[in-house]
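Given next are the chains, with one letter for each unit.
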Amino acid sequence: MSEPLIIDQTMLDAASDAARESPRGRRNRNFHAANEAPCHRLLNAIEPGSYVAPHRHLDPAKDESILILRGRLGCVFFDAAGNVERKCLLSPNDTVGVDIPHGAWHGIVALESGTVFFEAKAGPYLPLSADETAAWAPREGEDGAAVFCAVLHSEFDWALPGKAGSAGVSGR
């Protein structure tokens, strides 16, 4: 039998350090033993400027849950044409999580350094199919990705320190 794994601030610090050192600006700390595992549980450390291209999961078993542990994370939900339908700001002191149903177009953006969230979804890991990637958004590493990431970040300008606005969830 395995020993329990304690998730503490030291583990979050290590994940954040690894994200800052990564060229992608993010790093997973998996708790599942292999990509073939039926349930994926992981820490995801992400830094501002890391681009997670909008995507969806079409498999009915691939609903995705995110709980914020540290920092602030913007979640943006899109319609099929790429228009922002809804967004939410996750922070440990307010809206702490989101459950994303399969089929929902979504993207995330770190709003402060040291952001770490817990993610759970069904395995096994499979690369996104063409139908799960947004034709209206650049893929990671493509021309325009940094600009698109900045646009997503700007959806949360109201939440920057010194700005007036409400926290949590908004429709559009």
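What counts as what
Residues numbered from 1 in each chain as written. Predicted model: local features only at pLDDT ≥ 70, side-chain atom pairs only at ≥ 80, totals over all residues. Heavy atoms only, no water. Core = buried A, V, L, I, M, F, W, Y, C linked by side-chain atoms within 4.5 Å. Buried < 20%, exposed > 50% of the residue type's maximum accessible area, 1.4 Å probe, protein only. Helix = DSSP H or I, 4+ residues; strand = E, 2+ residues; numbered from the N terminus. Contact = heavy atoms within 4.5 Å. Phe/Tyr/Trp six-rings, centres within 6.5 Å; stacked < 30°, edge-to-face > 60°.

Enquirer: With reference to specific residues and values, describe the nonpolar core.
Expert: Tyr51, Val76, Phe78 and Phe156 are the most contacted members of the largest nonpolar core, which totals 16 residues. Elements with a contribution of two residues or more to this core: β4 (73-78), β5 (84-90), β7 (105-110) and α2 (145-154). The leading source of residues in this core is α2, at 4 residues. When sequence neighbours within four positions are dropped, the list of residues in contact with Val76 reads Val84, Arg86, Lys87, Trp105, His106, Gly107, Leu152 and Phe156. Counting residues in hydrophobic clusters, the runner-up holds 15 residues, among them Leu73, Leu90, Val98 and Ile108.

Enquirer: Describe the packing of aromatic side chains, and please don't skip the residues or the numbers.
Expert: Applying the stated criterion across every chain, the model contains 5 aromatic pairs. Seen from their ring centres, Tyr51 and Phe148 are 6.1 Å apart, and the 75 degrees between their planes marks the pair as edge-to-face. Here Tyr51, found in the loop between β2 (39-46) and β3 (64-70), pairs with Phe148, found in helix α2; they are 97 residues apart in sequence, far enough to count as distant. By relative accessible area, Tyr51 is classed as buried at 6%. The buried category is assigned to Phe148, whose relative accessible area is 17%. Relative to Trp136, the ring of Trp105 has its centre 5.7 Å away and its plane inclined at 70 degrees; by these criteria the two rings are edge-to-face. With Trp105 in strand β7 and Trp136 in the loop between β8 (115-122) and α2, the pair connects residues that are 31 residues apart, well separated along the chain.

Everything listed is a geometric property; what it means functionally is a separate question.
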